[in-house]
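Spelled out from the first residue to the last, the chains are:
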Amino acid sequence: MKNIKDYDLENLKEELKQMGEKPFRAEQIFKWLYDEKVETFDDMTNLSLELREKLKSNYTICNFNILKKQESKDGTIKYLLDVLDGNAIETVLMRYHHGNSICVSSQIGCKMGCKFCASTGIKFIRNLTSGEIVEQILRVEQDTKERISNVVFMGIGEPLDNYENVVNAVHIINNPKGLNIGARHISISTSGLVPKIYQLAEENIQCTLSISLHATTNEKRNQMMPINNTYPIEELLQACKDYIAKTNRRISFEYALAKDNNDNLEDAKQLSKLLKGMLCHVNLIPINKIENGKYDKSSNENIMKFRDYLNEHGIVATIRRELGTDIDAACGQLRRKNLKGDIE
Ligand code: SF4
């Protein structure tokens, strides 16, 4: 059966029309799902009994179980969620002074194989559906009884490799009758699937695009991120320029600093050349060391020098605050420790 949370409002209206129901019923169902956060059709008490029965026989409401929760001293919570088919995903709640932010997974496993990522050892199993992406936010809001105001697609998976479901989930998250989170508070991250960046530029959604860049030469980026062999830096940056021209939105470039690998001033110089004149922001990430990982964290001194060089040369750069360092810090680690069977 289909998960009712997989439908955005327009598609749900269409489904109901085909069942002989008035489209406004879709808005009522959205209110129950995303405002009231009910878990059964029986709880939707302003729908007729007949409609509730019809819904029960045609759809499910996916409600994940929380398998494990780890809370950091800084308030960050990592969830391991049971997606009801024997698999599990990771979702992280981060608390900032400007509000709660959630990092959602978009796939079970990942095909991209970035060398610095804890998810690399988790084999790709399947895409998450739109409803399963949205359910991560609902589950965390329900558990904490706190509102989430920012969503970042930076958990397990390459969001643009699950393009349709991610874009559809953004519509549900953004819809005022859905989770009502402004598009500017939604960030989609990619390792650099160039054709999908061009496609996203045509979608007319005002979300932030975040590019995992991490290196300034193809030689180095090929080693860190195999996707660069298919879409090298020049093609990636051309797609970014097109995205900015079409959307007038600032792109965020993620740059994880690894000791003696990509953290010296030559790299900063090269980065400022590559990004010169672009409407962008650089987010410097002190890399998380993973079990058996090849890369070590850069020193604080190097990270600050790197940031200062960029800022002095016209590129806005900030260092990402490290959250959850006392719990399993890198994405994929929580799941990796719990589901050994999934490790290749
Ligand atoms: S960093 Fe992202 S895209 Fe790369 S392997 Fe990890 S989850 Fe996949």
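From a predicted model like this one, the values you see are computed outputs, not experimental measurements. (Residues numbered from 1 in each chain as written. Predicted model: local features only at pLDDT ≥ 70, side-chain atom pairs only at ≥ 80, totals over all residues.)

1. Some points on the sheet that holds strand β4 (residues 77–82)
Alright, step 1. Taken in spatial order, the 10 strands make up an open sheet running β3-β4-β5-β6-β9-β10-β11-β12-β13-β14, and their pairing is mixed. The strands lining the two open edges of the sheet, one partner per strand, are β3 (65–71) and β14 (317–319). Looking at each pair of strands side by side, their axes are set apart by 20 degrees on average, direction ignored.
Alright, step 2. Judged from the 7 bridges that link them, strand β12 (residues 251–257) and strand β13 (residues 280–286) form a sheet pairing that is parallel. Its bridge partner lying in β13, Tyr 255 is registered against Leu 284. (Pairing = 2+ DSSP bridges. Helix = DSSP H or I, 4+ residues; strand = E, 2+ residues; numbered from the N terminus. Axes fitted to C-alpha atoms, helices over the stretch in contact; angles between N-to-C directions.)

2. Section: the packing of helix α1 (residues 9–18) against helix α2 (residues 24–36)
Alright, step 1. Axis separation between α1 and α2 bottoms out at 8 Å; the angle between their running directions is 125 degrees. Classified by the angle their axes make, α1 and α2 are oblique. Seen from above, α1 lies across α2 with right-handed handedness. Residue-level contacts link Leu 9, Leu 12, Lys 13 and Leu 16 of α1 to Arg 25, Ala 26, Ile 29 and Phe 30 of α2.
Alright, step 2. Residue composition of the contact of α1 with α2, by class: 6 nonpolar, no polar and 2 charged. (Parallel < 35°, antiparallel > 145°, perpendicular 65-115°, else oblique. Left-handed = near helix turned anticlockwise from the far one by under 90°. Contact = placed C-beta atoms within 7 Å. Nonpolar A, V, L, I, M, F, W, Y, C, P; charged D, E, K, R; others polar.)

3. What about the pairing of strand β5 (residues 88–96)?
Alright, step 1. Here β5 lies mainly inside the structure; 7 of its 9 residues are buried.
Alright, step 2. As defined by bridge partners, β4 adjoins β5 across 6 bridges and the pair is classed as antiparallel. By the bridge assignment, Leu 80 is partnered in β5 with Glu 90.
Alright, step 3. If you look at the hairpin formed by β4 and β5, you'll find 5 residues sitting between the two strands, and Leu 84 has a positive phi there, around 75 degrees.
Alright, step 4. In this structure, β5 lies alongside strand β6 (residues 99–103), joined through 5 bridges in antiparallel fashion. Directly across from Arg 95, in β6, lies its bridge partner Asn 100.
Alright, step 5. Counted along the chain from β5 to the antiparallel partner β6, the turn is 2 residues long. (Buried ≥ 20, exposed ≤ 12 C-beta atoms within 10 Å, placed from the backbone.)

4. A closer look at the environment of Leu 209
Alright, step 1. Topologically, Leu 209 is positioned in strand β11 (residues 208–212).
Alright, step 2. If we skip the residues at most four places from it in the chain, Leu 209 touches Ile 188, Leu 200, Tyr 243, Arg 249 and Ile 251.

5. Regarding the pairing of β4
Alright, step 1. Taken across its 6 residues, β4 has 5 buried, putting it largely inside the fold.
Alright, step 2. Alignment of β3 against β4, held across 6 bridges, turns out to be antiparallel. Across the sheet, residue Lys 68 finds its bridge partner in β4, namely Leu 80.
Alright, step 3. Two successive antiparallel strands, β3 and β4, enclose a turn made up of 5 residues, where Gly 75 displays a positive phi of approximately 95 degrees.

6. Section: the domain arrangement of the protein chain
How large an interface is tends to be reported as the accessible area lost when its parts come together.
Alright, step 1. Under the domain assignment used here, the protein chain contains domain 1 (2–60) and domain 2 (65–342).
Alright, step 2. One C-alpha centre belongs to domain 1, the other to domain 2, and the line joining them spans 33 Å.
Alright, step 3. Take the side of domain 1 that touches domain 2: its biggest share by element is 4 residues, from α2.
Alright, step 4. Taken together, the residues of the side of domain 1 that touches domain 2 sort by class into 3 nonpolar, 1 polar and 6 charged. (Domains from an automatic or database assignment.)

7. Quick word on the environment of Ile 181
Alright, step 1. Among the secondary structure elements, Ile 181 is positioned in the loop between α5 (163–174) and β10 (186–190).
Alright, step 2. In this structure, the C-alpha to C-alpha distance between Ile 181 and Asn 150, residues 31 residues apart in sequence, is 7.0 Å.
Alright, step 3. Beyond its immediate chain neighbours, meaning those up to four positions away, Ile 181 contacts Ser 149, Val 151, Ile 173, Asn 174 and Ile 186.

8. Notes on the nonpolar core
Alright, step 1. Ile 137, Val 151 and Ile 173 are the most contacted members of the largest nonpolar core, which totals 96 residues.
Alright, step 2. Beyond its immediate chain neighbours, meaning those up to four positions away, Ile 173 contacts Val 134, Ile 137, Val 151, Gly 178, Leu 179, Ile 181 and Ile 186. (Core = buried A, V, L, I, M, F, W, Y, C linked by C-beta atoms within 7 Å.)

9. Concerning α2
Alright, step 1. The terminal C-alpha atoms of α2 lie 17 Å apart, and with 13 residues this matches the ideal 18 Å at 1.5 Å per residue to within 8%.
Alright, step 2. Turning to α2, its buried residues are Arg 25, Ala 26, Ile 29, Phe 30, Trp 32, Leu 33 and Tyr 34.
Alright, step 3. In this structure, the buried residues of α2 make contact with α1 and α3 (49–58).
Alright, step 4. The positive-phi residue at the C-terminal boundary of α2 is Lys 37, with phi of around 55 degrees. (Expected span 1.5 Å × (residues − 1).)

10. Describing the environment of Phe 64
Alright, step 1. Considering the arrangement of structural elements, one finds Phe 64 in the loop between β2 (59–60) and β3.
Alright, step 2. A residue is classified by how many C-beta atoms lie within 10 Å of it, and Phe 64, with 20 of them, is buried.
Alright, step 3. Between the alpha carbons of Phe 64 and Gly 192 there is a distance of 30 Å; along the sequence they are 128 residues apart.
Alright, step 4. Residue contacts for Phe 64: discarding those within four places in its chain leaves Leu 81, Asp 82, Val 83, Leu 84, Glu 135 and Arg 139.

11. Side note on helix α6 (residues 194–201)
Alright, step 1. When α6 is considered as a whole, its buried residues turn out to be Val 194, Lys 196, Ile 197 and Leu 200. For α6, the angular spread of the buried residues around the axis is 160 degrees, confining them to a single face.
Alright, step 2. Close packing links the buried residues of α6 with α5, β10, β11 and α9 (233–247). (Arc of directions from axis to C-beta.)

12. Here's the deal with the packing of helix α10 (residues 265–275) against helix α11 (residues 300–312)
Alright, step 1. Between α10 and α11, the shortest axis-to-axis distance is 9 Å and the interhelical angle comes to 30 degrees. The pairing of α10 with α11 is recorded here as roughly parallel in orientation. With respect to the hand of their crossing, α10 and α11 are arranged in right-handed fashion. Along the contact surface, α10 presents Leu 265, Ala 268, Leu 271 and Ser 272, while α11 presents Lys 305, Phe 306, Tyr 309 and Leu 310.
Alright, step 2. Among the residues forming the contact of α10 with α11, the class breakdown is 6 nonpolar, 1 polar and 1 charged.

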